[in-house]
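# Close look at the chain arrangement
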Amino acid sequence: MFIPKPPVFSYRFHALLTAFIGWLTFSGHSLASEVEHHQFFSPTLGYDYPYSIYLPDNYDAQATDAYPVVYMLHGSFNTDRDWVSRGNLQQVADRLIAAGHIPPAVFIMPGSRSWWVDGHNEPARSAFFNDLMPHVEATYRVGQERHLRGVAGYSAGGYGALNFALERPELFAAVAALSPASYAPLPPRNSTAWRHPSFINDQGRFDRELWQNLNYTNYLEEYRLRVTPRGTEDEGDLSPVPLYISAGRSDVYDAEFHARILRQAMERIQPNDVRLDLYPGGHTWKVWRASLPAALNFLFQYVGQENSPVVETNRAEGEQHT
């Protein structure tokens, strides 16, 4: 019995239709989240503070439970838009949320003219804590407790994120530093730090003393005292801030070397709360895009987790104070 074959074009049509439906599904999913760009007047800066924000699918400003929030800092001479336009943050966050690897969360991507320090050109650190965070928490349905906040950054943003977490560990549940420009004792000569307005003094020279005073090494001892229990009335009142680090193996600023130094310093304080991932590549978006999923997965082991050590520590503090 002869059974005629369907015409070839029907297979092609079916394949195209399937692909089109798949595209619609993917497109609809990828557009489910929203990225917006805003600014507000910063009294600390004396001018408008720009930021981008990622809002997850079905973001509800009236939700009973606050959303976890992660502050994502950009690198030297970059902007608040880079995490989305070059880092694929929206696509990565959409995929991880859809897969259930991380909860629906809000990502704040602030803009700064500085290395996230109170430097010679602007008080970026003070503006972040005194203006940006209060503005975000008053405007969006995000957490105002430590266990609902994280901070991350790449390059100079990694430098800033690490410093913020060490200086203010009571504010953040975890930190991720991608190729952090946390160079000690001084940045390499090819680093933009040597010509960035943040560190250029009135004589037009790189301010070595300012760099050393603002680098992570200057925060380590006080941080250690705050997060290390000592069995006395003065024992550490906070759990450590878990740290994720990544770096490219062929980084022109020797980020791998400095990342290993950073890991060693932090492991002396919190040996079980530091992770270092190394990737092929340099000081580029190729490395930061590759490490972003791992960084977010690491952060959300702690951010937004009710049973995290951060929450348990806070509960214990509450019991002691009552």
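A brief structural summary. (Residues numbered from 1 in each chain as written. Predicted model: local features only at pLDDT ≥ 70, side-chain atom pairs only at ≥ 80, totals over all residues. Heavy atoms only, no water.)

Glancing now at the sheet that holds strand 5 (residues 149-154). The eight strands are arranged 1-2-4-3-5-6-7-8 in an open sheet whose pairing can be described as mixed. Since the sheet does not close on itself, it has two edges, and those belong to strand 1 (34-42) and strand 8 (274-279), each with one partner. Within this sheet the neighbouring strands show an average axis-to-axis angle of 20°, counted without direction. When strand 2 (residues 47-55) meets strand 4 (residues 106-110), the two strands line up antiparallel, connected through four bridges. Within strand 4, the residue paired with Y54 across the bridge is F107. Across the sheet, helix 4 (residues 124-139) is in contact with strand 1, strand 2, strand 3 (69-73), strand 4 and strand 5; its angle to strand 3 comes to roughly 140°. Helix-sheet contacts for helix 9 (residues 285-299) involve strand 3, strand 4, strand 5, strand 6 (174-178), strand 7 (243-248) and strand 8, and the interaxial angle to strand 6 is about 170°. (Pairing = 2+ DSSP bridges. Helix = DSSP H or I, 4+ residues; strand = E, 2+ residues; numbered from the N terminus. Axes fitted to C-alpha atoms, helices over the stretch in contact; angles between N-to-C directions. Contact = heavy atoms within 4.5 Å.)

Let us look at helix 5 (residues 156-167). Taking 1.5 Å of rise per residue, the 12 residues of helix 5 would be expected to cover 16 Å, and the 16 Å separating its terminal C-alpha atoms lies within 8% of that figure. Among the residues of helix 5, those classed as buried are A156, G157, G158, Y159, G160, A161, L162, N163, F164, A165 and L166. (Expected span 1.5 Å × (residues − 1). Buried < 20%, exposed > 50% of the residue type's maximum accessible area, 1.4 Å probe, protein only.)

Between its terminal C-alpha atoms helix 8 (residues 255-267) stretches 18 Å, which fits the 18 Å expected from 13 residues at 1.5 Å a residue. When helix 8 is considered as a whole, its buried residues turn out to be A255, E256, H258, A259, L262, A265 and M266. Looking at the packing, one finds that the buried side of helix 8 touches helix 5, helix 7 (220-227), strand 7 and strand 8.

So, about the pairing of strand 6. In terms of burial, strand 6 is largely enclosed, as five of its five residues are buried. With burial as the criterion, each face of strand 6 is covered, one bearing A174, A176 and L178 and the other bearing V175 and A177. Inspection of the sheet shows strand 5 paired to strand 6 by five bridges, in the parallel sense. Residue pairing for strand 6: V151 is matched across the bridge by V175. Regarding the hand of the β-α-β motif, the stretch spanning strand 5, helix 5 and strand 6 is right-handed. (Right-handed = clockwise from strand over helix to strand, strands pointing away.)

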